Amino acid sequence: LYQRGQMSWDQMTGFRGGARRQGHQLILWSFMAVLIDSLILVSLSCFFLVAFALIVHSPFGEIFRAFMKMGALRMFLAVFLISAWMYLLTMRIFFGFSIGEWACDLRLGQPTERMTASYPLRVFIRSTLIVGTGLILFPTLSLLTGRDLAGKVSGVKLISLR
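Criteria and thresholds
Residues numbered from 1 in each chain as written. Predicted model: local features only at pLDDT ≥ 70, side-chain atom pairs only at ≥ 80, totals over all residues. Heavy atoms only, no water. Helix = DSSP H or I, 4+ residues; strand = E, 2+ residues; numbered from the N terminus. Buried < 20%, exposed > 50% of the residue type's maximum accessible area, 1.4 Å probe, protein only. Contact = heavy atoms within 4.5 Å. Phe/Tyr/Trp six-rings, centres within 6.5 Å; stacked < 30°, edge-to-face > 60°. Lys NZ or Arg CZ within 6 Å of the ring centre and 35° of its normal. pLDDT = per-residue confidence, 0-100. Patch = residues over 30% accessible without salt bridge, like charges linked within 9 Å, V, L, I, M, F, W, Y side chains within 5 Å. Areas by Shrake-Rupley, 256 points an atom, 1.4 Å probe, with all protein chains shown as cover. Salt bridge = Lys/Arg side-chain N within 4 Å of Asp/Glu carboxyl O.

Draft legend 1. Summary view of the overall build of the chain. Across its full length, the chain holds nine helices and two strands. Along the chain direction, N to C, the helices and strands of the chain fall in the order α-α-α-α-α-β-α-α-α-α-β. Burial status across the chain gives 35% buried among its 162 residues. The long-range share in the chain, meaning contacts at least 24 apart out of those at least 6 apart in sequence, stands at 69%.

Laid out in structure tokens, this is it:
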């Protein structure tokens, strides 16, 4: 209940009562979140590629010349994966969700879990597993089994607010 600038615990954390999405439904909503995050990551990757192109033409460009010889598609893929990893880590450690997860009312871990010292390490493990397997293996296996496998391995699970 909201009274003169004071909010209840469920209003502050975004957690509401009632039945929550679970199993296949939760995994399918996480795919919608991934779609939103992918669009953000494509734009971030394009931004980083433009930044790299500007750096290459500067005196500091010697460092990145070998990177540029990889070819445009491979370079974009590498930048996309690095951007995805940094984006997932940053957003999830500081906010507990990515922008796509926020839009789909999903959170990574319970609010009490986010306050523990081990939360950033578990988010690091989860994000590295997902990005390290090409962004496909763990989500596909999770969809087939109806369980959050990356959450089971890392110890921090995806939670639905609805």
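Back to the text.
Draft legend 2. Focus on the packing of aromatic side chains. Evaluated as defined, the whole model comprises three aromatic pairs. Note on F47 and F48: the rings are 5.8 Å apart at their centroids and 55° apart in plane angle, and the pair reads as tilted. Of the residues examined, F47 reaches a relative accessible area of 54% and is grouped as exposed. Taking the relative accessible area as the measure of exposure, F48 reaches 25% and is therefore partly exposed. When the centroid spacing of 6.3 Å and the interplanar angle of 35° are considered together, the rings of F95 and F97 count as tilted. One cation-aromatic arrangement involves R21 over W29; the distance from NZ or CZ to the ring centre is 4.5 Å.

Draft legend 3. Structural context of the confidence of the model for the chain. Per-residue confidence for the chain gives a mean pLDDT of 83; residues scoring 70 or more make up 80%. The least confident element of the chain, judged by mean pLDDT, is helix α1 (residues 9–13) at 53; the most confident is helix α5 (residues 99–103) at 95.

Draft legend 4. Representation of the environment of V156. Here V156 lies in the loop between α9 (149–154) and β2 (158–160). In sequence terms V156 and V123 are 33 residues apart; their C-alpha atoms lie 6.9 Å from each other. Each residue touching V156, except ones within four places of it in the same chain, is listed here: L108, G109, Y119, R122, V123, R126, D148 and G151.

Draft legend 5. Main features of the environment of S38. When you line up the elements, S38 lands in helix α2 (residues 23–56). As a C-alpha pair, S38 and F80 span 42 residues in sequence and 9.2 Å in three-dimensional space.

Draft legend 6. Inspection of a nonpolar patch on the surface at higher detail. Residues W29, M32 and L35 make up a contiguous nonpolar surface patch of about 290 Å² in total accessible area. Looking at where M32 falls in the secondary structure, it is placed in helix α2. M32 sits in the partly exposed class, given a relative accessible area of 40%.

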